Amino acid sequence: LVVLILLHHIITCSCFNLHNGKIVETIKSNDRKQQHQQSRRKIKKYLLCKLHIQKSNAFEEMKKITPSKRWFQQEEEDNIDSLWDNTESWENMYSFLLEFQQRWFQQEEDNIDSLWDPTESWESMYSFLLEFQQREGNCNVPRNYITQGGQKLGTWLNNQRSNRRKGKLIGEREQKLDNIGLIWDLAESWESMYSLLLAFQQQEGNCNVPIKYTTQDGKKLGIWLSNQRSNRRKGKLNEDREQKLDDIGIIWNSTESWESMYLLLLEFQRQEGNCNVPLKHITQDRKKLGYWLNTQRSSRKKGQLNKERKQKLEEIGITWDCITKRWDYMYSLLLEFQQREGNCNIPQRYITQDGRKLGKWLSNQRISFRKGKLSKKRAQKLDEVGIVWDLRKKKEKIAG
């Protein structure tokens, strides 16, 4: 009986210890799971904090990058975006650019000028243009021209032209630029302006275009001609253009005094015995005396030559109507031929001893007669000396 009681006690104790061991093991296992979960939460929290810090730093770096650089650093942006918001898209960056553009261009004209220098006002740039005009004699500022102070005058002037074409340049400023001779249309060719000068010369008899003269279609011919003189003084006018302007009688030194040219005319009169200066006559010191005298005749015809100068020119024998005088002289040569030869049958190539092309002159009179351009008085004088107007009829009559 005692042995059975001891055996029962041993078995009972063993079962109890085994049961307690399982309970302890279960508790330990639960503790390990809880600790693991806590560790995972701590790690997750740590990572989130670290990402937040990286996001803040990256955002500060983004602020330092200009919108244009942001646009071209798309790959780097996408990498940064992924640190905090994978939904950041191309459209968001495009909105940055639109916002920048809208903010930049929502300024008035004065602020538009700040595209080259935000601190530069319209008036200060205009003063730089005035300095350029006074120094160079024109307003032809090269596109890339920069002043000594670093102001982009060429860019500014180009923007003024652009604003005028778009109707954005206010009237007062346009007038100020007009007053200093700004040429708005740079595409205006040299040849087109030269043709306008030719038309002026044919109409007025000279090339003395006033500085403020503007053609009917708004071309500033006076300023253009002034620029040609300026370019010639600086050696910037090519030889072909200078020659073309020479041929039509341009006086390069527009400040040439009337008295100095009058003295040259007196010298010519003393040497030649008359004041019949050929149109293209140039003195030894390169003065265009012939064109100058033609200008005086033109001014007298328009009533623009003052009485004192008119009297001085008449005292030395100036002939105001050169065309009439030349016709009378050629007619006197025709009379001499008629008296010597007994007729007026002058060959077309006949030239007098003093080099006058009498045959050509008479042929021109016949042409003018046929076209009805010869005055009745002159036609009558030629009839009196026996001029045959139609040489063909005369030949037919002789042949018959």
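As the structure is a prediction and not an experimental result, all values here were calculated from the model.

1. Overview of the overall build of the protein chain
Along the protein chain, the regular secondary structure elements total 18 helices and zero strands. A burial count over the protein chain gives 29% of its 400 residues as buried. Put simply, of all contacts in the protein chain between residues at least 6 apart along the chain, 49% involve residues at least 24 apart.

2. Considering helix α10 (residues 221-233)
Between the first and last C-alpha of α10 there are 19 Å, a value that for 13 residues agrees with the 18 Å anticipated at 1.5 Å per step. Across the 13 residues of α10, ten count as buried, placing the element largely inside the fold. Looking only at α10, the buried set comprises Leu221, Gly222, Ile223, Trp224, Leu225, Asn227, Gln228, Arg229, Ser230 and Asn231. Buried-residue contacts for α10 involve α6 (122-136), α9 (190-204) and α11 (239-247). Following α10 by one or two positions, Gly235 adopts a phi angle in the positive range, close to 75°.

3. Let's talk about the packing of aromatic side chains
Enumeration over the complete set of coordinates arrives at twelve aromatic pairs. Where Trp258 meets Tyr262, the ring centres are 5.3 Å apart and the plane angle is 10°; that geometry is what we call stacked. Here Trp258 pairs with Tyr262, and both are found in helix α12 (residues 258-272), just four residues apart, close to one helical turn. This pair shows no difference in class: Trp258 is buried, exactly as Tyr262 is. With centroids separated by 4.1 Å and ring planes inclined at 15°, the aromatic side chains of Phe369 and Trp389 adopt a geometry described as stacked.

4. Describing the side chain of Gln296
On the secondary structure map, Gln296 appears in helix α13 (residues 289-301). You can call Gln296 buried: its relative accessible area is 6%. In this structure, Gln296 is in contact with Trp258, Leu305, Leu313 and Trp320, ignoring residues within four places of it in sequence.

5. Some thoughts on the pattern of salt bridges
Per the stated rule, a full pass over the model turns up ten salt bridges. Residue Lys220 is joined to Asp178 by a salt bridge in which the shortest nitrogen-to-oxygen separation is 2.4 Å. Separated by 42 residues along the polypeptide, Lys220 in the loop between α9 and α10 and Asp178 in helix α8 (residues 171-179) bring together distant segments of the chain. The salt bridge partner of Glu259 is Lys312, with a shortest N-O separation of 3.3 Å. Placement of the pair is Glu259 in helix α12 and Lys312 in helix α14 (residues 307-315), with a sequence separation of 53 residues.

6. Let's talk about the nonpolar core
Formed by 17 residues in total, the largest nonpolar core has its most connected members in Tyr331, Leu334, Leu358, Trp361, Leu382 and Ile387. Broken down by secondary-structure element, the contributors of at least two residues to this core are α15 (322-341), α16 (358-370) and α17 (376-384). With six residues, the top contributor of residues to this core is α15. Beyond its immediate stretch of four places on either side in the chain, Tyr331 contacts Trp361, Lys381, Leu382 and Val385.

7. A word on the side chain of Thr352
Mapped onto the elements of the fold, Thr352 is located in the loop between α15 and α16. With relative accessibility at 13%, the residue Thr352 sits in the buried group.

8. Concerning the packing of α12 against α13
Running from amino to carboxyl end, α12 crosses α13 at an angle of 110°, the nearest separation of the two axes being 10 Å. With respect to α13, the axis of α12 lies roughly perpendicular. For the pair α12 and α13, the crossing hand works out as left-handed. Residues Trp258, Met261, Tyr262, Leu264, Leu265 and Phe268 of α12 lie in contact with α13, whose contacting residues are Leu289, Trp292, Leu293 and Gln296. Across the contact of α12 with α13, the residue classes break down as nine nonpolar, one polar and no charged.

What counts, and where the lines are drawn
- Residues numbered from 1 in each chain as written.
- Predicted model: local features only at pLDDT ≥ 70, side-chain atom pairs only at ≥ 80, totals over all residues.
- Heavy atoms only, no water.
- Helix = DSSP H or I, 4+ residues; strand = E, 2+ residues; numbered from the N terminus.
- Buried < 20%, exposed > 50% of the residue type's maximum accessible area, 1.4 Å probe, protein only.
- Contact = heavy atoms within 4.5 Å.
- Expected span 1.5 Å × (residues − 1).
- Phe/Tyr/Trp six-rings, centres within 6.5 Å; stacked < 30°, edge-to-face > 60°.
- Salt bridge = Lys/Arg side-chain N within 4 Å of Asp/Glu carboxyl O.
- Core = buried A, V, L, I, M, F, W, Y, C linked by side-chain atoms within 4.5 Å.
- Axes fitted to C-alpha atoms, helices over the stretch in contact; angles between N-to-C directions.
- Parallel < 35°, antiparallel > 145°, perpendicular 65-115°, else oblique.
- Left-handed = near helix turned anticlockwise from the far one by under 90°.
- Nonpolar A, V, L, I, M, F, W, Y, C, P; charged D, E, K, R; others polar.

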